[in-house]
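# Architecture at a glance
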Amino acid sequence: MAWTAGIRPVGTTNIVAYGSSMRGKDVRLDKVSIRFGDSTAVQPTDLAIHAGEFFSILGPSGCGKTTILRTISGFIEPTDGRVLIGGEDMVGKGPNERPTALIFQNLALFPLMSVAENVAFGLEARGIGKAQRLKRAQELLELVALDQYGDKKPADLSGGQRQRVAIARALAVEPSVLLLDEPLSALDLKLRQHMRTELRSIQKRVGITFIYITHDQGEALAMSDRVAVMSRGRLEQVADADTLYAEPATPFVATFVGEQNVLRGRITTLADDVASVETPIGLVTGRAKGALKVGDEALVMVRPERISLGASNANTVPARLVSRNLEGPSVNLLCAAAGQNFTVTVPNGPAVRDLPEELNLSFGLADALVYPMGALAHG
Amino acid sequence: MSTATDSPGARLILNIYIGLFVLYLFLPLAVMSAAAFNSFDYPSVTQWRGFTLKWFVALANDQRLLQGLVNSVLVALGVIVVSIPAGLSGALILTRLGQRSGTVLYSVLVSPVLTPGIILGISSLIFWREFGVPGGLFVAVMAQSSFIASYAMLLFLARLQRQDRTLEEAALDLGASHTLVFRRITLPFLAPTAFTAAVVAFLQSFENYNTTVFAIGGEWTLVTEIASRLRFGLSPVINVVGVIFVVLTLLAATTYVLLKGKPKRA
Amino acid sequence: MGSLARAYGRPLALTLTAILVLWILALILVPLGAMVQQSLWWKDSAGDLSLTIDRLYNDIATLQLDAGNATDAAKKAALDAEIATKQGEATALEAQELNPGKQWGLDNFTRMSSLHLYIFVRTILYALMVTALALIVCYPVAYVVALASGPRKAIILTVALIVPYAINELLRVYAWLMILDYRGVINGVLGWFGVVDLDNRGWIPFLENPSAVFLAMIYTYVLFMVFPIVNTLETLDRNQIEAARDLGASTARIHRRVIIPHAKPGIAVGCIMTFMLSAGSYSVPAIMTRGQGGDWFSQLVYRQFFESNNWNMGSAYAVSLLVVCTAFILLMMRFFGVGLRDIAK
């Protein structure tokens, strides 16, 4: 198997020795906005990424996340605002003058150079002698378990191996910030999942700042210390994975990260942060998110796994079971109530094997999040 | 020799037509080659006076033709020196220009390809006389380069369109200077095309007559020398030159077919 | 310039730009400008001037004779003065004769003799005919090559087309010269059968007929017609042809409605190249006619430069040819709706 060699565990001793010379730096976007001609790619954005953090930017394609990455790496000058790396203003500095290294989506390995030459290229650019830079390249190839492949051409390697070469090449220049532009998207599912843990462990050991761009929420949530969710050139929310999932700040984040049951309705009462909403299935109470007024149209979001069977919670809905889809450890129940579809995820077990056709769904006040309707318009 | 979509009758007619066409292409060359071995001193195949190689000897002793050959090679090398950097610069700049300014520049750079060769020769002749340079090998190099550089540029442009721009970006990102990126990434990528362009430039220059005849002044190349001799009558020595060209071309073509015709691994 | 500096860095961007500017200026635009400028001026023909000078010297000679015979001192002085004046005039005119002043205008174009104008128009018509004939000859060839099945077949066909073209243009013309000459292959074969009598110069003068030039010219430039058409036809989906046949269309209709419309850009490019090459060809008519058949315009241009030594007139002829070729290219581009980028495939 070609790729099994690729997922050999990464050696730890070398990386510690090597990583000791690397220091992560913080990255700050100060009112950065980017326009191409008439179209705005990135709205004015403030963002602070901490030194040594694994930070992901998650969003659908075209949301501006790659533009932000290319701005940090220096390929794009922001139209307004400035980028600071380690407190230093990067205005006017080209990509070859910044303490960043970028791993491209297609990896961009140099096809005419050997693997070792690829890894040594950044050192060549720094005027380091041939013998010395090839020795360093060999160390880095050991680090990514490719020390036998230095003389090969990138085209002779498997996808996972090429991935590692790209990582080694980027680490060779000892960057303070490593930028990754969806580098796993070309790999098959199994390898992708393996590379997630591997990337995370490399980051932990070298200790530099990783900024990871992806449209795959699984990747972002699994690897990152913090995640920024982007939509239409705007940062929707910056938070750690748990907060993002449990307390999405906007309906876009709520629906983009994980699954949601969405109800439309009108707010009838509002007290502190508890809102009552008149919906097709009756009055629902939940926690108010964002600026709401009585009489406003609103969206109520409930995660499938927060709904339980039986009438034990603040909100109860009688429903009819339409279908039952086995997912393995859990079961998805598709239910209908007053023309409204619900997905309910419950743990698999004997209790859910023989369910009646008519059942009650219920969810607590804390499980229903109420958002203003207008906020979804830019989702 | 024809497509599966035509009826058998149409296919037959097309095949006969193609056969005649190939005959039209090759028969004159065969006739020209055969006459080189006829000892009759007017190049002919109908008046056969016996097989001879004496015209080959005559060519080997023909100082003007040999000097013409040397001059042709010199001019062709000069054309390579001028037109490859020019074509390369044009292509590199065009790929980075916006649509509007790019189109204007493109039109100017391609226009020599669409200009009759004699015009290029004449305008170069007049231009260089202003600097006191009379017609000769130098002016011939300049006149030919004006359009051969365009061909080179088109070859480079086609190659650049297939270039992965992220390779240059990756190199820059790793800290390389623009010069290093150019030397290590861009040039190696373009090297095969530069070779092709040099071969094309050499062949174009070597066989050029319409432009050269105006720019060459008192000097001569192999081709202009042959042309001026044809005014005074035909000689089998010219056929010998023809035979040499035919043999070289057939050798090159056979090599090409053998290389290309090999079944490729999937 | 900003985007270039960003892409290649300042030193490299400057070098590339410098080379490009040199190419455009020294090889393309300024030489063209120099030729146009050359076509717009002329020097007064010295003929009238030398007549005037001759007359002055005649006058002076007469006056000197008179002065020699004159007895009256006052009359002699007057005659001497007159001689001095005429001498002065003559010297001034002689200087002018040696270095005539430039005159600017379109006279080089308007003074084209009616014979030359006739040859000009005829050359354009000939070039159009060569283009049309080449299109007719090449279309079926391009069709077969483009739709040939099997990669090997296509390669062999392509090589069969390319081989003759890798051989010097001049030698290809020469081959035809050999065939069509008075003692050429055709007359030779006819001589075998007693149709013509070579010994008594009873040959058929093929070369004196303009079609000899046509034949060699099509032979020389046929590739420039075939390849653009092949290039466009190769992109034609064969299912379209089969679908049309399936729908009951005749072969002629399939070509008219499916194949030719698809090949249009290639046809346009082929016609542009063939017309430009044949209208501007010096080699083919110069070698094939050898002064026996009718001149082509390019031969007139050559003679203006290297026989009459009238570069101004020659430039004007060249500019005229360039204008016609450019107009033809623009017309074809407009008519077939192709852009410059299509032409340079």
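Residues numbered from 1 in each chain as written. Chains lettered and ligands numbered in written order. Predicted model: local features only at pLDDT ≥ 70, side-chain atom pairs only at ≥ 80, totals over all residues.

Going by what an unreviewed UniProt entry lists, chain B is known as Spermidine/putrescine transport system permease protein and is assigned to Ancylobacter tetraedralis. Recorded in UniProt under Sequence similarities (unreviewed entry), the annotation for chain B is "Belongs to the binding-protein-dependent transport system permease family. CysTW subfamily." We quote the UniProt Subcellular location (unreviewed entry) comment for chain B here in full: "Cell membrane". (UniProt positions renumbered as here; feature names shortened; annotations may be inferred.)

## Some thoughts on the overall build of chain B
A count of helices and strands for chain B gives 11 helices and 0 strands. The helix and strand sequence of chain B, counted from the amino end, reads α-α-α-α-α-α-α-α-α-α-α. Computed over C-alpha atoms, the radius of gyration of chain B comes to 23 Å, more than 25% over the 18 Å expected from 2.2 N^0.38 for 266 residues, which places it beyond the range of a compact globule. Principal-axis analysis of the C-alpha atoms gives chain B an extent of 75 × 65 × 30 Å. The buried share of chain B, reckoned over its 266 residues, is 46%. Taking all contacts inside chain B whose residues are at least 6 apart in sequence as the whole, residues at least 24 apart take part in 71%. (Helix = DSSP H or I, 4+ residues; strand = E, 2+ residues; numbered from the N terminus. Rg over C-alpha atoms; globule rule 2.2 N^0.38 Å. Buried ≥ 20, exposed ≤ 12 C-beta atoms within 10 Å, placed from the backbone. Contact = placed C-beta atoms within 7 Å.)

## Observations concerning the nonpolar core
Counting 276 residues, the largest nonpolar core has Ile211(A), Ala142(C) and Tyr174(C) as the members making the most contacts within it. Other than its neighbours up to four places away in sequence, Tyr174(C) contacts Met32(B), Leu230(B), Ile238(B), Gly242(B) and Ile287(C). (Core = buried A, V, L, I, M, F, W, Y, C linked by C-beta atoms within 7 Å.)

## Quick word on the packing of helix α1 (residues 8-35) of chain B against helix α6 (residues 114-147) of chain C
Contact pair α1(B) / α6(C): the axes reach a minimum separation of 10 Å and the direction vectors enclose 110°. When the axes of α1(B) and α6(C) are compared, the pair comes out roughly perpendicular. Between α1(B), through Leu14(B), Tyr17(B), Ile18(B) and Phe21(B), and α6(C), the contact on the second element is made entirely by Pro140(C), Val141(C) and Val144(C). Among the residues making up the contact of α1(B) with α6(C), the classes are represented as 7 nonpolar, no polar and no charged. (Axes fitted to C-alpha atoms, helices over the stretch in contact; angles between N-to-C directions. Parallel < 35°, antiparallel > 145°, perpendicular 65-115°, else oblique. Nonpolar A, V, L, I, M, F, W, Y, C, P; charged D, E, K, R; others polar.)

## A short note on the UniProt feature "domain: ABC transmembrane type-1" (unreviewed entry) in chain B
Look at the UniProt record and you will see "domain: ABC transmembrane type-1" (unreviewed entry) annotated at residues 69-256 of chain B. Its end C-alpha atoms 25 Å apart, residues 69-256 of chain B is made of 80% helix and 0% strand.

## Focus on the environment of Ile259(C)
Residue and element names in this part refer to chain C. Mapped onto the elements of the fold, Ile259 is located in helix α12 (residues 251-279). Assessed through the 20 C-beta atoms surrounding it within 10 Å, Ile259 is described here as buried. For Ile259 and Tyr143, which are 116 residues apart along the polypeptide, the C-alpha to C-alpha distance reads 8.8 Å. Those residues in contact with Ile259 that lie beyond four places of it in its chain are Tyr143, Leu236, Ile241 and Ile254.

## Quick word on the environment of Ile13(B)
Residue and element names in this part refer to chain B. Residue placement: Ile13 occurs in helix α1. Since 14 C-beta atoms lie within 10 Å of it, Ile13 is described here as partly exposed. Residues Ile13 and Gly78, spaced 65 residues apart in sequence, show a C-alpha to C-alpha distance of 48 Å.

## A few points about the pairing of strand β16 (residues 315-326) of chain A
Residue and element names in this part refer to chain A. As judged from the 6 bridges shared by β16 and strand β19 (residues 358-363), these two strands associate in the antiparallel manner. Looking at β19, one finds that Thr316 is bridged to Ser362. Between β16 and strand β17 (residues 330-337), which pair antiparallel and follow one another directly, the connecting turn spans 3 residues, one of which, Gly328, has a positive phi of 110°. (Pairing = 2+ DSSP bridges.)

## A closer look at the domain arrangement of chain B
All names here are of chain B. Split into domains, chain B comes out as domain 1 (8-56) and domain 2 (61-237). Put simply, the middle of domain 1 and the middle of domain 2, counted by C-alpha atoms, are 34 Å apart. At the interface, 7 residues of domain 1 touch 4 residues of domain 2. Its residues assigned to classes, the side of domain 1 that touches domain 2 shows 5 nonpolar, 1 polar and 1 charged. (Domains from an automatic or database assignment.)

## Quick look at the interface of chain B and chain C
Chain B puts 82 residues into the contact, and the matching count from chain C is 80 residues. Top contributing element to the side of chain B that touches chain C by residue count: α1(B), with 13 residues.

## Quick word on the sheet that holds strand β11 (residues 261-271) of chain A
All names here are of chain A. Within the closed barrel, the 5 strands sit side by side as β11-β12-β13-β20-β14. Their pairing is mixed. Geometrically, the sheet is characterised by an average inter-axis angle of 50° between neighbouring strands, direction not taken into account. Bridging between strand β13 (residues 282-288) and strand β20 (residues 368-372) involves 2 bridges; their strand directions are parallel. Among the inter-strand pairings, Ala288 is bridged to a residue of β20, identified as Val370.

## Topic: the interface of chain B and chain A
Taken together, the contact between chain B and chain A spans 15 residues of the former and 18 residues of the latter. Those elements that provide at least two residues to the side of chain B that touches chain A are α7 (165-173) and α8 (178-207) of chain B. Among the elements that line the side of chain B that touches chain A, the one with the most residues is α7(B), at 7 residues. A per-class count over the side of chain B that touches chain A returns 9 nonpolar, 3 polar and 3 charged.

## Description of helix α4 (residues 115-125) of chain A
Burial analysis of α4(A) places 11 of its 11 residues in the buried class, which makes it a mostly covered element. Burial in α4(A) covers these residues: Val115(A), Ala116(A), Glu117(A), Asn118(A), Val119(A), Ala120(A), Phe121(A), Gly122(A), Leu123(A), Glu124(A) and Ala125(A). Where the residues of α4(A) are buried, they touch α5 (130-143) and α6 (159-172) of chain A together with α7 and α8 of chain B. In the segment just after α4(A), Gly127(A) is the residue with positive phi, at about 75°.

## What about the pairing of strand β18 (residues 340-347) of chain A?
Residue and element names in this part refer to chain A. Here β17 pairs with β18 via 8 bridges, running antiparallel. Among the inter-strand pairings, Asn332 is bridged to a residue of β18, identified as Thr345. From the end of β17 to the start of β18, which pair antiparallel, there are 2 residues, and Ala338 there has a positive phi angle of about 50°.

## Considering unusual backbone geometry
All names here are of chain A. Although it is not a glycine, Leu107 sits at a positive phi angle of roughly 75°. Examined against the element boundaries, Leu107 turns out to sit in the loop between β6 (100-103) and α4. Taking the number of C-beta atoms within 10 Å as the measure of exposure, Leu107 has 21 and is therefore buried. A positive phi angle, near 50°, is found at Arg232, a position not held by glycine. Along the chain, Arg232 falls in the loop between β9 (226-231) and β10 (234-239). Exposure remark for Arg232: the 17 C-beta atoms within 10 Å place this residue in the partly exposed category.

## Comments concerning the sheet that holds strand β5 (residues 88-89) of chain A
Residue and element names in this part refer to chain A. The strand order β2-β1-β4-β5 describes an open sheet built from 4 strands, whose pairing is antiparallel. The open sheet is flanked by β2 (39-49) and β5, the only strands paired with a single partner. Inspection of the sheet shows strand β1 (residues 27-36) paired to β2 by 7 bridges, in the antiparallel sense. Each residue of the ladder has a partner; that of Val32, found in β2, is Thr45. Lying over the sheet, helix α3 (residues 65-73) contacts β1, β2 and β4 (80-85), oriented at roughly 115° with respect to β1.

## Observations regarding the arrangement of the chains
Where 2 pairs of chains are in contact, the pair with the most contacts is made of chains B and C. At the level of C-alpha atoms, the two units chain A and chain C stay apart, their nearest approach being 9 Å.

## So, the confidence of the model for chain A
Residues and elements named next belong to chain A. The predicted model of chain A has a mean per-residue pLDDT of 87, with 93% of residues at 70 or higher. Looking at the elements of chain A, mean pLDDT is at its lowest for helix α1 (residues 2-6), recorded as 38, and at its highest for strand β3 (residues 54-58), recorded as 96. Confidence drops under pLDDT 50 across residues 1-20; counting only partners more than four residues distant or on other chains, this segment forms 36 contacts. (pLDDT = per-residue confidence, 0-100.)

## What to know about the confidence of the model for chain B
Of the residues in chain B, 95% have a pLDDT of 70 or more, and the chain-wide mean is 88. ipTM for the predicted complex: 0.87, alongside a pTM of 0.82.

## Remarks on the packing of helix α3 (residues 63-96) of chain B against helix α2 (residues 10-39) of chain C
One can describe the packing of α3(B) onto α2(C) by two numbers: an axis separation of 8 Å at closest approach and a directional angle of 115°. Here α3(B) runs over α2(C); the crossing is left-handed. Taking contact as the criterion, the partners of Pro85(B), Ala86(B), Ser89(B), Gly90(B), Leu92(B) and Ile93(B) in α3(B) are, on α2(C), Leu16(C), Thr17(C), Ile19(C), Leu20(C) and Trp23(C). By residue class, the composition of the contact of α3(B) with α2(C) is 8 nonpolar, 3 polar and no charged. (Left-handed = near helix turned anticlockwise from the far one by under 90°.)

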